[in-house]
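# Close look at the chain arrangement
Each chain, letter by letter, is given below.
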Amino acid sequence: MNKVSFILILGFASLATACKSGVNPQTKSTTATNNLLETRYKMLLDYPVDSMSMPRSMNIKTLEIRKVPSRDWTSGFFAGNLWQLYRLTGDSKYKEQAQKWTPFSKKESVNSNSHDVGFKVFCSFGEALKVENKKDYEAVIVKGAETLCTRFNPKVGSIRSWDFNKEIWDYPVIIDNMMNLELLFEASKISGNPKYRDVAVKHANTTLKNQFREDNSCYHVIDYNPNTGEVRKKTTLQGYNDDSVWARGQAWAVYGFTMSYRYTKDPAYLKQAEGTAKFFMTNKNLPEDGIPYWDFKDPSIPNAARDVSAAMVMASALYELYGYTQNNSYLAFADKLMASVQTDKYVLDTKIKAPFLFDHSTGNWPKHDEIDEPIIYADYYFLEALIKVQRLKGSK
Ligand code: GLY
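The structure presented is a predicted model; accordingly, all values stated were derived computationally and were not measured. Along every chain, residues carry numbers that run from 1 in the direction the sequence is written. Local features in this predicted model are restricted to residues of pLDDT 70 or higher, and side-chain atom pairs are both shown and tallied only at a pLDDT of 80 or more, whereas totals for entire chains, interfaces and linings draw on every residue. Heavy atoms throughout the structure, all of them, feed into the side-chain values; hydrogens and water do not.

### Regarding empty space enclosed by the protein
Empty pockets left among the atoms are what a rolling probe the size of a water molecule brings to light. For clarity, the cut-off: A cavity here means a set of points on a 1 Å grid, drawn over the protein atoms and nothing else, where a 1.4 Å probe fits but cannot get out; a pocket is an open set with protein on both sides within 12 Å along at least five of seven lines, and a residue lines either one if it has an atom within 4 Å of a point. Grid points are joined across faces, edges and corners, and a volume is the space filled by probe spheres set on the points. Secondary structure is summarised from DSSP: a helix means a run of H or I of at least four residues, a strand means a run of E of at least two, and numbering begins at the N terminus for each. Under this grouping Gly is polar, as are all residues other than the nonpolar Ala, Val, Leu, Ile, Met, Phe, Trp, Tyr, Cys and Pro and the charged Asp, Glu, Lys and Arg.
Throughout the structure, instances matching the rule amount to 4 cavities of 30 Å³ or more. Within this model, the largest cavity holds a volume of roughly 110 Å³. Lining the largest cavity are 14 residues, and of these F122, C123, M179, E182 and Y381 sit closest to its centre. Mapped onto the lining of the largest cavity, the elements with two or more residues apiece are α5 (117–131), α7 (181–191) and α13 (376–394). For the lining of the largest cavity, the leading source of residues is α5, giving 6 residues. Residue classes in the lining of the largest cavity are distributed as 8 nonpolar, 2 polar and 4 charged.

In structure tokens, the structure reads:
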């Protein structure tokens, strides 16, 4: 796609969504906002390729960029953003940078220290594979799946998420872990080996059984007894408290079960994705523009920090969920989220030279870490949602 048609489609998508959802974008104009985004996109090209550090987030007060090594769970997103920008714009400069950045997370395909091998490997090599059909990329994905499976305990029926806090947890499994299943499903498709898919299905079924409340909201962490598979604790690390509702966790759940439905067509997965989506979309604490507070039960609402990343994970998930259900409320809500973020309020000020698109995400509130600032995965899921909506609207 050339640049002109990209801008036209982006403009059309924003305009159509704004009208349909009744949102009044708080922006100068759609074109002006698109120009802001175009300016921001190009800043990703200016970030120097450095094999030791990837831009994860930015302290919005000091403007210092937090850079991370490949072992960080976010290490696949920068390459992923560049691949997605190439798909959106057709500009080969993004592809050239993406090719340089993709190997950054390669060694994580053999790192079994956490479940995040899925995020690290699939958001980089998985995106690369959508553009270039290379055996090398496939091999890294299958290797990563093999590594992820070493963390599966058949007694629990889940992949262990983390190895830290051993004095508190015996076998912690977090809702975010659903996102890593895409690596496993794809690895089975690539290799023909059903093992990875079987592990993914068992993990999803255990999550379905234990991670959700009656109202379809989910707990962040379930701690299991690794010898019996019994649930020891339902708790949190990144939410306000054990009984609260961490916004990004809900988004991971909707995305994770929608994606698992894509590969299995299990109606129970679709039902859970729809239940949790409804909880999110109809919550009394959701602001008018749809961008959630970081936790739906933070008592300081309406003064709590927002989380654009949760909104973008939801937008991407809801476009896919709409495709399976034809439920217009999902399409309208995702459109509303996309219209809301493409405004002056959320697009990172173009005077700030940094490889990020949006401000106002919240990483880890209980640790006072990355509060209300640009975080790379918000951009990743925005770009993914943009690709999905273009496909949906292009196919109508
Ligand atoms: N562990 C991924 C997240 O912070 O959402």
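### A short note on the UniProt feature "active site" (unreviewed entry) in the chain
Using the following cut-off: UniProt positions are given in the numbering used here, feature names are shortened, and annotations may be inferred rather than shown by experiment. Residues count as neighbours in contact if any of their non-hydrogen atoms are within 4.5 Å of one another.
According to UniProt, the positions carrying the feature "active site" (unreviewed entry) are D116 and D176. Spatially, the listed residues are clustered: although they cover 61 residues, their C-alpha atoms lie within 9.0 Å of one another. Of the annotated set named above, D116 and D176 line the largest pocket. Among the secondary structure elements, D116 is positioned in the loop between α4 (92–101) and α5. Not counting residues within four places of it along the chain, the set of residues in contact with D116 comprises W73 and N180.

### Re the site of the ligand
Definition in use: One heavy atom within 4 Å of a molecule or strand is enough for the residue carrying it to be called near that molecule or strand. By the criterion applied in these results, polar contacts are pairs of N or O atoms within 3.5 Å in which, for protein atoms, one can donate a hydrogen and the other can accept it, and in which residues neighboring in sequence qualify only through two side-chain atoms. Reported accessibility uses the Shrake-Rupley method at a 1.4 Å probe radius. Residues are deemed covered only where the shown protein chains occlude them.
Residues in close proximity to the ligand include W73, D176, Q238, W246, R248 and W252, which together make up its full environment. Contacts to the ligand include D176, whose side-chain N or O atom sits 2.8 Å from a nitrogen atom. R248 places a polar side-chain atom, nitrogen or oxygen, 2.7 Å from an oxygen atom of the ligand. Considering the ligand on its own, with 190 Å² of exposed area, one finds that the protein chains cover 95% of that surface. When the residues that make up the shell around the ligand are grouped by side-chain class, the tally is 3 nonpolar, 1 polar and 2 charged.

### Here we look at unusual backbone geometry
What counts here: Throughout, exposure labels follow a simple rule: accessible area from a 1.4 Å probe, protein chains only, divided by the maximum for the residue type, with under 20% read as buried, over 50% as exposed, and the rest as partly exposed.
A cis amide bond, omega 15 degrees, links I301 with the succeeding residue P302. Position of P302 among the secondary structure elements: in the loop between α10 (267–281) and α11 (308–325). Phi at K265 takes a positive value of approximately 60 degrees, unusual for a residue other than glycine. For K265, the position within the fold is in the loop between α9 (247–264) and α10. The residue E370 is not glycine, and still its phi comes out positive at about 60 degrees. Positionally, E370 belongs in the loop between α12 (328–341) and α13. With relative accessibility at 4%, the residue E370 sits in the buried group.

### Concerning the pairing of strand β7 (residues 231–235)
On any regular strand, side chains alternate: one points to one face of the sheet, the next to the other face. Going by this rule: Pairs of strands are assigned from DSSP output, requiring at least two bridges between the strands.
Strand direction decides the pairing type here: strand β6 (residues 221–224) and β7, joined by 4 bridges, are antiparallel. Counted as the bridge partner of D223 is K233 from β7. Counted along the chain from β6 to the antiparallel partner β7, the turn is 6 residues long, and its residue G229 has a positive phi close to 85 degrees.

### Points about the side chain of K120
By the secondary structure assignment, K120 is in helix α5. The exposure class assigned to K120 is buried, which follows from its relative accessible area of 3%. Polar side-chain contacts of K120 include one of 2.9 Å to the backbone oxygen of R71. Beyond its immediate chain neighbours, meaning those up to four positions away, K120 contacts S70, R71, D72, W73, S75, G76, S105, E108 and N111.

### Observations concerning the pattern of salt bridges
Pairing between side chains of opposite charge can happen when their charged atoms approach one another. Operational definition: Whenever Lys or Arg places a side-chain nitrogen within 4 Å of a carboxyl oxygen from Asp or Glu, that contact is recorded as a salt bridge.
Evaluation of the coordinates by the stated rule reveals 24 salt bridges. One salt bridge connects E320 with K388, and the closest N-O pair in it is separated by 3.5 Å. Here the residue E320 occupies a position in helix α11, and K388 occupies one in helix α13, the gap between them amounting to 68 residues. Taken individually, E320 and K388 each receive the classification buried, so the pair is uniform in this respect. Between E384 and K388 there is a salt bridge whose closest N-O contact spans 3.8 Å. Taken together, the residues span about one helical turn, with E384 and K388 both in helix α13 at a distance of 4 residues.

### Some points on the layout of surface pockets
In this structure, the largest pocket occupies an estimated 540 Å³ of space. Considering the residues around the largest pocket, the lining is formed by 27 residues, among which R56, W73, D116, W162 and F164 are closest to the centre. Looking at the lining of the largest pocket, the elements with two or more residues in it are α5 and α9. Classifying every residue of the lining of the largest pocket by side-chain character gives 9 nonpolar, 7 polar and 11 charged. Around the second largest pocket, the lining comprises 22 residues; the ones closest to its centre are R87, K130, R262, K388 and R391. Its residues assigned to classes, the lining of the second largest pocket comprises 9 nonpolar, 3 polar and 10 charged.

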